[in-house]
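Each chain, letter by letter, is given below.
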Amino acid sequence: MHRDDIRGALRDIPLENVQINSEFWSKYMDLAIDRVIPYQWDALNDNLADTEPSCAIKNLRIAAGLEEGEFYGMVFQDSDIAKWLEAVAYSLIVRPDETLEKLADSVIDLLEKAQLADGYLNTYYIVKEPGKRWTNLWECHELYCAGHLIEAAVAYNKATGKSKFLEIMSRFADHIDSVFGPEQGKLKGYPGHQEIELALVKLYRATGESRYLRLASFFIDERGKDPYYFDIEYEKRGGKNHWGDRHPSGSRDYNQYHRPVRDQKKAVGHAVRAVYMYTAMADIAAETKDEQLLEVCRKLWNNIVTKQMYITGGIGSTRHGEAFTFDYDLPNETVYQETCASIGLIFFANRMLAIEKNSMYADVIEQALYNSVLSGMALDGESFFYVNPMEVWPEASEKNPDRSHIKSVRQKWYSCACCPPNIARLLTSLGSYIYSSSHDAIYIHQYIGGEAKFNINGADITLMQETQYPWDGTIKVKVKGADENRFSLCLRRPAWSRQVELYINGEESSVGSRIKDGYIYVDRTWNDGDTVEMRLHMTPELMHANPESRHNAGKAVIQMGPLVFCLEEFDNCKNLPQISIPHNTKLQAVYDNSLLGGGMIVKCQGYRTNEDSWGKELYRPIQVDEKSFCIKAIPYFMWGNREKGEMLVWIRQKR
């Protein structure tokens, strides 16, 4: 049901048309399906030892009348089930599994039994506060949970062709549409945690029901109008809150309702809520041909990626509100950088990429994907980071309350467990982020080995991609099935690449005249067996931050290709901040098979303070007393997979 938008949008490639065969990514796909999804099912059913129970499935059984008991957990506990179901849906496309599908069907049966006659579905309000639904949108996540369930239903319908889940959620969406809207007698509210807006657009595309798109637009455009709905709602509740005694007016920035959405120019507040909303705004702009709303998206995008994003692709610089703060405020020792926020940024980037065809969006997808997202999960798939720090001092995490959110080891589960299932649904849907197409062009956004099927100019063709990315910058693309078919093959030139070579059927070709908006356009008449090889010169280099980013003044970070590197105590020493790196040091990248199953390490010569020359004094006059030191850095996403210890991304620079 997706129409071409105001910019001539690219077409998404169905997930079933993409097969990943990558030495790097295939293991993550297998991990997500074989380990993460079953592990999270155990968590939802309270079968994990030494972790706080979830009770998500138990809550659903109680709501369905199949079990007695009290609601347990967060008010948004239903969303964990929703994201698990969505991950299952994508996994069934990637690798059909009859047993897993039957398990998912059993959960969908429970949702059907729990749904009320008017379509309402939320276990917290059905079980615990049945008379108070839609009375606290500000805090209680009803629309957020509904949104995640809608997303799961759309994905499951695509994966299996079964309609039950989609019908359940369409009934719920119809109920929501009967409650909210601009019409007289309806509530003029909007969600405290944005999510349903983007979900309703997906539901509109799946069903063709225009009411869902109009409702998504209403939630966006109603947000931030004065009088503020959350203030009105608060008064109706008699000043009673769910989370504590405070007035909603203090959270206007936090919830992004400080001004109408179309007047917003800077990313503020809770980072996940923000990027989920921006994703929906981009979707709505595309569907309704709304140039004004698209321009707002551009401004918000530029503010994030040029002034409020970490080099790892993470966002959210403070634990207070899990939020953005202000331009260039990117602290390392107290960073938040929630995994879900990086995933949400990928969603936003992907929607903008479909509209604008500009590599800057795919660059950020890559940056977040290889760094702040992968770091959120251990290499065994059974422990997770909610917060992805840039600097870790374990003792400070344990004893300094300002750093208690910084964990030195990944956790088995969380009472607020939004991040683990979010990682699972992203990994299982990874194939949908690699390619897109128009009637006469194929775009390769991410360099991941495998093959994909397209229909170009009415003909079916297949692309095969071979690469050792991100360890190596050579990408080979082979065209299969083409017969005198003229189209453009558009290869992203990453922002990090300093030199690129292009070969067509083995012959070197000029790159310069072919580049447009970060893509190398190879426009020709293609035949079966034609090949394109792109060689991105991938060497490690030192990166600096903008001088306005005060936390990184006098520091540098090692980067190679899309990968940010870090130092761990395991490879270096204690007190990592005492290490310094010369600006002209020679960086040597070596692939090490012994590093956690294989990975690139970067070595260089640096210095560290000679602590042996210090006595018991706390301070002394300045004197240069350093010794030569061999620095060893590993990819940031790999940190924390060996033993507990310090970690550091930004290194003191020595001139």
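The coordinates are above.
Turning our attention to empty space enclosed by the protein. What the rule picks out here adds up to four cavities of 30 Å³ or more. Here the largest cavity defines a volume of roughly 80 Å³. If you trace the largest cavity, you find it lined by Leu 10, Asp 12, Asn 350, Leu 353, Ala 354, Ser 432, Tyr 433, Tyr 435, Ser 436 and His 445. Elements with a minimum of two residues in the lining of the largest cavity: helix 14 (339-356) and strand 4 (435-438). Per-element tally for the lining of the largest cavity: the top contributor is helix 14, with three residues.

Quick look at the packing of helix 13 (residues 291-307) against helix 14 now. Packing of helix 13 against helix 14 brings their axes to within 12 Å, and their N-to-C directions diverge by 130°. In terms of orientation, helix 13 and helix 14 fall into the oblique class. The crossing of helix 13 and helix 14 is left-handed. Side by side, helix 13 and helix 14 meet where Leu 294, Cys 297, Arg 298, Trp 301 and Ile 304 of the first sit next to Leu 345, Phe 348, Ala 349, Met 352, Ile 355 and Glu 356 of the second. Classifying every residue of the contact of helix 13 with helix 14 by side-chain character gives nine nonpolar, no polar and two charged.

This part covers helix 17 (residues 419-428). With respect to burial, helix 17 is a largely interior element, ten of its ten residues being buried. Along helix 17, the residues classified as buried are Cys 419, Pro 420, Pro 421, Asn 422, Ile 423, Ala 424, Arg 425, Leu 426, Leu 427 and Thr 428. Summarising the contacts, the buried residues of helix 17 are in contact with helix 1 (25-44), helix 3 (78-94), helix 7 (142-160), helix 12 (271-288), helix 14 and helix 15 (359-373).

Spatial strand order, 1-4-5-9-13-12: six strands in an open sheet with mixed pairing. Looking at the sheet topology across the chains shown, the edges are occupied by strand 1 (11-12) and strand 12 (515-516). Relative to strand 5 (residues 441-444), strand 4 runs antiparallel, the two being bridged by four bridges. Along strand 5, the bridge assignment pairs Ser 436 with Tyr 443. In the packing of helix 15 onto the sheet, the strands contacted are strand 9 (483-492) and strand 13 (519-527), and the crossing angle to strand 9 comes to about 65°.

Right, let's get into the pattern of salt bridges. One pass over the full model with this rule turns up 49 salt bridges. Where Glu 568 meets Arg 642, a salt bridge forms, and the shortest distance between an N and an O atom there is 2.9 Å. Highlighted residues: Glu 568 in strand 17 (residues 563-568) and Arg 642 in the loop between strand 21 (626-635) and strand 22 (647-648), separated in sequence by 74 residues. Among the charged side chains, a salt-bridge network with shared partners connects Glu 86, Glu 151, Lys 202 and Arg 425.

In terms of strand pairing, strand 17 meets strand 21 through three bridges, oriented antiparallel. Opposite Leu 567, over in strand 21, you have Ala 633 as the bridge partner. Sheet topology places strand 20 (residues 599-609) next to strand 21; eight bridges connect them, and they run antiparallel. Bridge pairing links Arg 608 to Lys 627 in strand 21.

Conventions adopted
- Residues numbered from 1 in each chain as written.
- Predicted model: local features only at pLDDT ≥ 70, side-chain atom pairs only at ≥ 80, totals over all residues.
- Heavy atoms only, no water.
- 1 Å grid on protein atoms, 1.4 Å probe; cavity = no way out; pocket = protein on both sides within 12 Å on 5 of 7 lines; lining within 4 Å.
- Points joined across faces, edges and corners; volume = space filled by probe spheres on them.
- Helix = DSSP H or I, 4+ residues; strand = E, 2+ residues; numbered from the N terminus.
- Axes fitted to C-alpha atoms, helices over the stretch in contact; angles between N-to-C directions.
- Parallel < 35°, antiparallel > 145°, perpendicular 65-115°, else oblique.
- Left-handed = near helix turned anticlockwise from the far one by under 90°.
- Contact = heavy atoms within 4.5 Å.
- Nonpolar A, V, L, I, M, F, W, Y, C, P; charged D, E, K, R; others polar.
- Buried < 20%, exposed > 50% of the residue type's maximum accessible area, 1.4 Å probe, protein only.
- Pairing = 2+ DSSP bridges.
- Salt bridge = Lys/Arg side-chain N within 4 Å of Asp/Glu carboxyl O.

Purely spatial values, then, with no claim about function.
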